[in-house]
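The chain contents come next:
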Amino acid sequence: MTPMTSDRPQMLVEEFEELARHAPESARLEFLNGKIGVKPMPDGNHGSIVMWLLKRCMQLRPELELYPEQGLKVEGYRKGRARPDGALVPEGYFVGKGEWAEPNGVLMVVEVTSHDRDADQRDRIEKPEGYAAAGIPVYMLVDRDTDSVTVHADPEGGTYRSLTTRAFGSVIELPDPVGITLETEKLKDFAD
């Protein structure tokens with residue numbers, strides 16, 4: 001495999017998809033900024049945060065579904081492929097879409113940081129750039145390193161123009177098209 005340069009990705013996206021298709025279930029692969037990344041397996045607190053958010057979305061917006069780990073094409077960002085911890089979509093949106101779905105109907109993506117050395121680059125830099133370039137209206141980062149929630153919104157030109165960060169325990173607004181107000185007190189139970 002050729003190392004990535006600033007102009008050339010490690011491999012073609014079709015080669016990545018073939019590799020990801022044959023990877024063991026314990027290896028969750030992504031292709032961001034022209035390079036392959038292995039997403040860490042979630043621990044109990046990570047999974048509990050995703051489940052908590054899934055329940056909140058079901059209660060507050062029952063016509064929407066939060067899909068964990070649905071593969072998304074983030075084409076505008078070096079033909080990337082991402083597996084967000086959650087993708088919020090209208091009910092039935094992913095039916096028949098396959099492993100790597102187009103992001104045009106996705107209202108919000110969610111990432112929960114893992115305690116690994118790549119979290120900063122992946123979740124705070126590469127993912128927001130990729131999701132904004134794909135036109136996903138809202139990116140929510142539950143940051144376990146800082147015990148905070150950051151909501152990125154209003155994508156334009158490959159970046160999110162609006163950023164709001166609140167500490168665990170605060171109230172945070174997820175803007176339209178999500179339109180949810182989250183009370184994050186429960187996230188303190190998952191701080192580690």
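Anything mentioned here points back to the structure above.
Residues numbered from 1 in each chain as written. Predicted model: local features only at pLDDT ≥ 70, side-chain atom pairs only at ≥ 80, totals over all residues. Heavy atoms only, no water.

(A) Region of the structure containing the overall build of the protein chain. Of the regular secondary structure elements, the protein chain holds 3 helices and 13 strands. Expressed as a percentage of contacts within the protein chain between residues at least 6 apart in sequence, the contacts between residues at least 24 apart total 52%. Carbon and sulfur atoms make up 51% of the accessible area of the protein chain, which totals about 9,200 Å². (Helix = DSSP H or I, 4+ residues; strand = E, 2+ residues; numbered from the N terminus. Contact = heavy atoms within 4.5 Å. Areas by Shrake-Rupley, 256 points an atom, 1.4 Å probe, with all protein chains shown as cover.)

(B) Quick peek at the pairing of strand β11 (residues 159–167). Note: strand β10 (residues 148–156) against β11, 8 bridges, orientation antiparallel. Note on β11: the bridge partner recorded for Ser148 is Ala167. Once β10 ends, the chain turns through 2 residues before running back antiparallel as β11, passing Gly157 with a positive phi of about 60 degrees. (Pairing = 2+ DSSP bridges.)

(C) The arrangement of the nonpolar core in detail. Leu53, Met108, Met140, Leu174, Val178, Leu182 and Leu187 are the most contacted members of the largest nonpolar core, which has 26 residues in total. Of all the elements, helix α2 (residues 44–60) adds the most residues to this core, at 6 residues. Residues within four places of Leu187 in sequence aside, it is in contact with Ile49, Trp52, Val142, Val149 and Phe168. (Core = buried A, V, L, I, M, F, W, Y, C linked by side-chain atoms within 4.5 Å. Buried < 20%, exposed > 50% of the residue type's maximum accessible area, 1.4 Å probe, protein only.)

(D) Representation of the environment of Arg61 in the model. The topology assignment puts Arg61 in the loop between α2 and β3 (64–67). Look at Arg61 and you get buried, because its relative accessible area is 18%. Arg61 sits 118 residues away from Gly179 along the chain, and the two C-alpha atoms are 8.5 Å apart. If we ignore the near neighbours within four places in the chain, the residues touching Arg61 are Pro177, Val178, Gly179 and Ile180.

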